[in-house]
Amino acid sequence: MTTLPGIAAIGAGLAVLGAGIGIGRIGASALEAIARQPEAAGKIQTVMIIAAALVEGAALFAVVVSLLVAG
Amino acid sequence: MPFAPKTNSFVPSSQLMGSVFVFRISIVFCAFLFLYGSVLASERPKEPEAGQIEAEEFDAIGTILHHVLDNHDWHLFDKKGADGQIHPVSIPLPIILLSEGQLDVFMSNAFEHGHAFQRGSRSYQMDEHGHITDTNGHSVLDFSITKNVASMLLAVVLLLIIFTRGAKSYDASNGRPHGIAKVVEPLVLFVRDDIAIPNIGHQYKKYMPYLLTAFFFIWINNLLGLIPTGANFTGNISVTATLAFFTLLITNFSGTKTYWGHVFTPHVPLWLYPIMIPVEMVGVVAKPIALMIRLFANITAGHIIILSLISLIFVFKSLAMAPVSLGFVLFISCIELLVAALQAYVFTLLSALFIGLALEQPETNAHH
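The rules behind these values
Residues numbered from 1 in each chain as written. Chains lettered and ligands numbered in written order. Predicted model: local features only at pLDDT ≥ 70, side-chain atom pairs only at ≥ 80, totals over all residues. Helix = DSSP H or I, 4+ residues; strand = E, 2+ residues; numbered from the N terminus. Rg over C-alpha atoms; globule rule 2.2 N^0.38 Å. Buried ≥ 20, exposed ≤ 12 C-beta atoms within 10 Å, placed from the backbone. Pairing = 2+ DSSP bridges. Contact = placed C-beta atoms within 7 Å. Nonpolar A, V, L, I, M, F, W, Y, C, P; charged D, E, K, R; others polar. Core = buried A, V, L, I, M, F, W, Y, C linked by C-beta atoms within 7 Å. Axes fitted to C-alpha atoms, helices over the stretch in contact; angles between N-to-C directions. Parallel < 35°, antiparallel > 145°, perpendicular 65-115°, else oblique. Left-handed = near helix turned anticlockwise from the far one by under 90°. Domains from an automatic or database assignment. pLDDT = per-residue confidence, 0-100.

## Some words on the overall build of chain A
Across its full length, chain A holds two helices and zero strands. Relative to the compact-globule value of 11 Å for 71 residues, chain A shows a C-alpha radius of gyration of 16 Å, a clear excess of over 25%. With respect to the principal axes defined by its C-alpha atoms, chain A has extents near 55 × 15 × 10 Å. When each of the 71 residues of chain A is scored for burial, the buried share is 11%.

## Here's the deal with the pairing of strand β4 (residues 102–107) of chain B
Residues and elements named next belong to chain B. Counting buried positions along β4 yields zero of six residues, so the element is predominantly exposed. Summarising the sheet, strand β3 (residues 94–99) and β4 pair through six bridges and their orientation is antiparallel. Bridge assignment links Leu-97 to a residue of β4, and that residue is Asp-104. Hairpin connection, β3 to β4: the antiparallel pair is bridged by two residues, and Glu-100 has positive phi, about 55°.

## Observations regarding the pairing of strand β1 (residues 73–80) of chain B
All names here are of chain B. Pairing between β1 and strand β2 (residues 86–92): seven bridges, direction antiparallel. In the strand pairing of β2, Trp-74 is matched with Ile-91. The antiparallel hairpin formed by β1 and β2 contains five residues in its connecting segment, where Gly-84 sits at a positive phi of about 85°.

## Looking at the interface of chain A and chain B
Counting from both sides, the interface comprises eight residues of chain A and, opposite them, nine residues of chain B. Within the side of chain A that touches chain B, the residues separate by chemical class into seven nonpolar, one polar and no charged.

## Let's talk about the environment of Phe-331 of chain B
Note that Phe-331 of chain B resides in helix α9 (residues 321–358). Sequence separation between Phe-331 of chain B and Ile-306 of chain B is 25 residues; the distance between their C-alpha atoms is 9.6 Å.

## Quick notes on the nonpolar core
With 49 residues, the main nonpolar core has Ala-196, Leu-211, Phe-215, Ile-218 and Phe-347 of chain B as its most contacted residues. Those elements giving two or more residues to this core turn out to be α2 (41–70) of chain A together with α3 (147–172), α4 (180–200), α5 (208–226), α6 (237–253), α8 (273–316) and α9 of chain B. When residues in this core are grouped by element, the largest group, 12 residues, is from α9 of chain B. Not counting residues up to four positions away in its chain, the partners in contact with Ala-196 of chain B are Val-191, Tyr-204, Tyr-207, Met-208, Leu-211 and Ala-352 of chain B. Membership of the second largest hydrophobic core comes to seven residues, among which are Ile-306, Ala-322, Leu-326 and Val-329 of chain B.

## Brief notes about the packing of helix α2 (residues 60–68) of chain B against α8 of chain B
Residue and element names in this part refer to chain B. Interhelical geometry of α2 versus α8 gives an angle of 140° and a closest axis separation of 10 Å. On the basis of their axis angle, the class for α2 and α8 is oblique. When you trace α2 past α8, the crossing you get is right-handed. Residues Ala-60, Thr-63, Ile-64, His-67 and Val-68 of α2 form the contact with α8, whose own contacting residues are Thr-300, His-303, Ile-304, Leu-307, Ser-308, Ser-311 and Val-315. When grouped by side-chain class, the residues that make up the contact of α2 with α8 number six nonpolar, six polar and no charged.

## Examining the domain arrangement of chain B
Residue and element names in this part refer to chain B. Domain assignment breaks chain B into domain 1 (60–142) and domain 2 (147–358). The distance between the C-alpha centroids of domain 1 and domain 2 comes to 31 Å. At the junction of the two partners, domain 1 supplies 10 residues and domain 2 supplies 14 residues. Of the residues assigned to the side of domain 1 that touches domain 2, the class counts are six nonpolar, three polar and one charged.

## Considering the sheet that holds strand β7 (residues 132–134) of chain B
All names here are of chain B. With antiparallel pairing, three strands are arranged side by side in an open sheet as β5-β6-β7. Every other strand in the sheet has two partners, leaving β5 (117–119) and β7 as the edge strands with one partner each. Going from strand to strand, the sheet's axes swing by 25° on average, the running direction of each strand aside. Pairing of β5 with strand β6 (residues 122–126), which is carried by three bridges, proceeds in the antiparallel orientation. By the bridge assignment for β6, Phe-117 is matched with Tyr-124.

## A word on the packing of α5 of chain B against α9 of chain B
Residues and elements named next belong to chain B. Interhelical geometry of α5 versus α9 gives an angle of 160° and a closest axis separation of 9 Å. Relative to α9, the element α5 lies roughly antiparallel. Viewed along their axes, α5 and α9 form a crossing whose handedness is right-handed. Counted together, Leu-211, Ala-214, Phe-215, Ile-218, Trp-219, Asn-222, Leu-223 and Leu-226 of α5 and Ser-333, Glu-336, Leu-337, Ala-340, Ala-341, Gln-343, Ala-344, Phe-347, Thr-348, Ser-351 and Ala-352 of α9 form the full contact between these two elements. Partitioned by chemical class, the residues of the contact of α5 with α9 number 13 nonpolar, five polar and one charged.

## Notes on the sheet that holds β4 of chain B
The sheet built from three strands is open, its strands ordered β4-β3-β8 (chain B) with antiparallel pairing. Both edges of this open sheet fall to β4 and β8 (141–142) of chain B, since each of them pairs with a single strand only.

## Focus on unusual backbone geometry
Residues and elements named next belong to chain B. The backbone of Thr-229 sits at a positive phi, close to 65°, despite the residue not being glycine. When you line up the elements, Thr-229 lands in the loop between α5 and α6. At Lys-317, a residue that is not glycine, the phi angle is positive and equals roughly 55°. Within the secondary structure, Lys-317 sits in the loop between α8 and α9. With 11 C-beta atoms packed within 10 Å, Lys-317 lands in the exposed category.

## Comments concerning the confidence of the model for chain B
Residue and element names in this part refer to chain B. Chain-level statistics for chain B give a pLDDT mean of 85 and a share of 87% at 70 or above. Across residues 42–54, where pLDDT falls below 50, the model places 23 contacts with residues more than four positions away in sequence or in other chains. Predicted as a complex, the structure gets a pTM of 0.82 and an ipTM equal to 0.83.

Next up, the structure:
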């Protein structure tokens, strides 16, 4: 199918949508938690970074699949 | 005058002076890089493939893939020769081939201009994807020092220099760090106190060499890839697969009876076993696979983004695009610096987590 790379591009865009929503929500809850308890900011930041990396990993699975389809 | 009160002049401490100085120098340096990059980009409004006439359209995808994939020589830049043709300027690297029981070692510029290479009864040719085949059809094993291998060896040399000098500096000064050890010590303590001990517990010392190696090896290779003309080493799936494989081996060879018990006899009703056991067994393999894909995709995606933004200049074929494009590239490069360190941290953290899970001790209270 000649439009397969185009569909792969749409797939990659949807994956990034998911990543954006996920990491946005993680950031929002981290901000809220730090606002509630500023002395725990270090721990909260660490957990936020870990969770963001995991969510981004999941989104990048989809990007890799898109690259495989399009390439 | 008998007494003149000291004026309350602000005398900055030397440390503050130092940081102001560094800040100003960094601003000047960034401005210089920005302008220099704009000028450099404007000098070559088109970037056609080597040897082709200038009027051809810029192949963005081909150029990006060329920079992201591995090569048998280290391509630096293209130069327009006296004949008007574009010639690539690259460092040739050794090609090591094993075919019919014979080891052939030669430099990669033997394959220039599509020539074949002959030694004895064997004749080799390289296609446009960089694969080397024997013209007689025999199988060829390629052990060449490619761009990625050369970059890895450079990273190894850097790591050896940094850490052996750092370790030696403790002997000369009674247990206090000097020079490069001052930079390295907080990082090593960070790996020990924030990655190893919270996740592994009291047996952390046995796993510190692996965690430290993974952390610094991945970080330094990520950084080397961000340098222009650097190699995309950690963005190669074979490399990340090997690193994830090490984690797999270390995790499962450290597995206690409790750990394997949870994999093969999970605490679920008996009728769920046909589902749970395959799921647990896939989980044993899937976690390192996730490590592999996470590192590979993050680094490769970063490189592709930077290359695409630079390619915008050549796609639009306009000088005015250069400052805009380089502004984006500067911004994305800062994010990629963060990603370089972050991905090393996440890989090491998750490896420590998996090792810690494998070292699970039997629960002290019987609850089932």
